[in-house]
Amino acid sequence: MSVYMVSIMTFVITLVNTGMVDGFLLRWLKAFVVAWPVAFVLILVGAPRLQKLASKLIRQT
């Protein structure tokens, strides 16, 4: 899930910021390498808490 999300997000953001010019793929890859570990950790830490919150919210309705 994190690879999918980060791939698309870094591609779009790099494209918007720099355009499709020479060196685009290298810039996108660098952005991916930085962003993926961050997203992976956030998903590992945040997903269980967000699932519990969603369950509580659903039970309240």
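Here is what the cut-offs are and how they apply
- Residues numbered from 1 in each chain as written.
- Predicted model: local features only at pLDDT ≥ 70, side-chain atom pairs only at ≥ 80, totals over all residues.
- Heavy atoms only, no water.
- Helix = DSSP H or I, 4+ residues; strand = E, 2+ residues; numbered from the N terminus.
- Rg over C-alpha atoms; globule rule 2.2 N^0.38 Å.
- Buried < 20%, exposed > 50% of the residue type's maximum accessible area, 1.4 Å probe, protein only.
- Contact = heavy atoms within 4.5 Å.
- Areas by Shrake-Rupley, 256 points an atom, 1.4 Å probe, with all protein chains shown as cover.
- Phe/Tyr/Trp six-rings, centres within 6.5 Å; stacked < 30°, edge-to-face > 60°.
- Polar contact = N/O pair within 3.5 Å; in protein donor to acceptor, adjacent residues only side chain to side chain.
- Patch = residues over 30% accessible without salt bridge, like charges linked within 9 Å, V, L, I, M, F, W, Y side chains within 5 Å.
- Salt bridge = Lys/Arg side-chain N within 4 Å of Asp/Glu carboxyl O.
- Lys, Arg positive; Asp, Glu negative; His and termini not counted.
- Charge placed at Lys NZ, Arg CZ, Asp CG, Glu CD.

A. Region of the structure containing the overall build of the protein chain. A tally of regular secondary structure across the protein chain gives two helices and zero strands. Taking 10 Å as the expected radius of gyration for a compact globule of 61 residues, we find that the protein chain reaches 16 Å, considerably beyond that expectation. In the protein chain, buried positions account for 13% of the 61 residues. Within the protein chain, contacts between residues at least 6 apart in sequence are counted, and of these 50% link residues at least 24 apart. Accessible surface, the protein chain: about 5000 Å² in total, of which carbon and sulfur atoms supply 75%.

B. Quick peek at the packing of aromatic side chains. For the coordinates displayed, the defined rule picks out four aromatic pairs. Note on Phe11 and Trp28: the rings are 6.1 Å apart at their centroids and 80° apart in plane angle, and the pair reads as edge-to-face. Remark: Trp28 occurs in helix 2 (residues 24-60) and Phe11 occurs in helix 1 (residues 2-18); sequence separation between them is 17 residues. In this structure Trp28 comes out as partly exposed when scored by relative accessible area, which is 22%. By the ring-pair criterion, three or more aromatic residues cluster together here, those being Phe11, Phe24, Trp28 and Phe32.

C. Main features of the side chain of Thr10. Mapped onto the fold, Thr10 is located in helix 1. In terms of polar contacts, Thr10 uses its side chain to reach the backbone carbonyl oxygen of Ser7, at 3.4 Å. Side-chain polar atoms of Thr10 contact the side chain of Trp28, separated by 3.0 Å.

D. Examining the environment of Trp28 more closely. Here the alpha-carbon distance between Trp28 and Ile58, two residues 30 residues apart in the chain, equals 38 Å. Sequence-distant contacts of Trp28, that is, excluding residues within four places in its chain, are made with Ser7, Thr10, Phe11 and Thr14.

E. Inspection of a positive patch on the surface at higher detail. Together, Arg49, Lys52, Lys56 and Arg59 make up a positively charged patch on the protein surface. Its location among the elements puts Arg49 in helix 2. Take Arg49: its relative accessible area is 61%, and that puts it in the exposed class.

Worth remembering: the numbers are spatial, not functional.
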